[in-house]
Amino acid sequence: MYTISVQAHYDSAHLLRDYEGKCARLHGHRYVVEVALQATDVGRTGMAYDFGDLKRHLKDLAERFDHQNLNDVEPFTEIESTAENQARYFYDELKKRLPKALANGLLYARVWESPGQWALYSPEPGVVPPASYPLG
């Protein structure tokens, strides 16, 4: 099994509407989103999937949140803009963009809210990649 991963980032503000604590006030983060894709074959090209294509799809999705108040951007006008819900959003939207043959190989989407905290969405239980904070 082959696994590839790419990252993108976006700077956004948000507040948690249904939370009591300081995160109920408007604040910002430099989010890093990471996705991983698995494939059983690399074919003639020797690639599970082109890194450039995967990164382009992820950057396109992240761009709509960059320098925005997440509470003003769908789907977070209706649901909380938590890192957990953001991870699920990226997973679901990226899966729609991948070629059908690879879409089921999307392993996870992880959103880093800060160097010490992240949330991950995967439809499969037990998927936990190493927790080192992205540097680039």
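Look a little higher up for the structure.
What counts, and at which threshold
Residues numbered from 1 in each chain as written. Predicted model: local features only at pLDDT ≥ 70, side-chain atom pairs only at ≥ 80, totals over all residues. Heavy atoms only, no water. Core = buried A, V, L, I, M, F, W, Y, C linked by side-chain atoms within 4.5 Å. Buried < 20%, exposed > 50% of the residue type's maximum accessible area, 1.4 Å probe, protein only. Helix = DSSP H or I, 4+ residues; strand = E, 2+ residues; numbered from the N terminus. Contact = heavy atoms within 4.5 Å. Salt bridge = Lys/Arg side-chain N within 4 Å of Asp/Glu carboxyl O. Pairing = 2+ DSSP bridges. Expected span 1.5 Å × (residues − 1). Axes fitted to C-alpha atoms, helices over the stretch in contact; angles between N-to-C directions. Parallel < 35°, antiparallel > 145°, perpendicular 65-115°, else oblique. Left-handed = near helix turned anticlockwise from the far one by under 90°. Nonpolar A, V, L, I, M, F, W, Y, C, P; charged D, E, K, R; others polar.

Further remarks concern the nonpolar core. Within the largest apolar cluster, 33 residues are counted, with the highest numbers of intra-cluster contacts made by Leu54 and Phe90. The element that contributes the greatest number of residues to this core is helix α2 (residues 83-97), accounting for six residues. In this structure, phenylalanine 90 is in contact with Tyr10, Val33, Leu58, Leu61, Ala62, Phe65, Ala109 and Val111, ignoring residues within four places of it in sequence.

Tallied over the full model, the rule gives six salt bridges. Put simply, arginine 30 and aspartate 11 hold a salt bridge, and the shortest N to O gap is 3.4 Å. One end of the pair, arginine 30, is in strand β2 (residues 27-39); the other, aspartate 11, is in strand β1 (residues 2-14), and 19 residues separate them in sequence. Residue aspartate 11 is classed as partly exposed on the basis of its relative accessible area of 23%. A salt bridge links arginine 88 to aspartate 92, with the nearest nitrogen and oxygen atoms 3.0 Å apart. Of the two residues, arginine 88 and aspartate 92 both sit in helix α2, four residues apart, roughly one turn of that helix. Residue classification places aspartate 92 among the partly exposed residues on the basis of a relative accessible area of 29%.

Turning next to the pairing of β1. The sheet contact formed by β1 and β2 spans 13 bridges and is antiparallel. Across the sheet, serine 5 pairs through a bridge with alanine 36, a residue of β2. As paired elements, β1 and strand β3 (residues 68-69) share two bridges and run parallel to each other. Bridged to serine 12 within β3 is glutamine 68.

In this section: α2. Given 3.6 residues per turn, any residue in an α-helix points the same way as the ones three and four places further on. Taking 1.5 Å of rise per residue, the 15 residues of α2 would be expected to cover 21 Å, and the 21 Å separating its terminal C-alpha atoms lies within 8% of that figure. Looking at α2, one finds that the buried residues are Ala83, Gln86, Ala87, Tyr89, Phe90, Tyr91 and Leu94. The elements touched by buried residues of α2 are β1, β2, α1 (51-63), β4 (106-114) and β5 (117-121).

Right, let's get into the sheet that holds β4. Backbone hydrogen bonds hold the strands of a sheet together, and the pairing may be parallel or antiparallel. Strand order in the open sheet made by the five strands is β3-β1-β2-β4-β5, with mixed pairing throughout. Here the strands that pair on one side only, and so sit at the sheet edges, are β3 and β5. Docked against the sheet, α1 engages β1 and β2, running at close to 20 degrees with respect to β1. Running at roughly 145 degrees to β4, α2 makes contact with β1, β2, β4 and β5 of the sheet.

For the pair α1 and α2, the least separation of the axes is 10 Å and the interaxial angle reads 130 degrees. Of the possible angle classes, the one that applies to α1 and α2 is oblique. The handedness of the crossing between α1 and α2 comes out as right-handed. Counted together, Leu54, His57, Leu58, Asp60, Leu61 and Ala62 of α1 and Tyr89, Phe90, Glu93, Leu94 and Arg97 of α2 form the full contact between these two elements. In terms of residue class, the contact of α1 with α2 is built from seven nonpolar, one polar and three charged.

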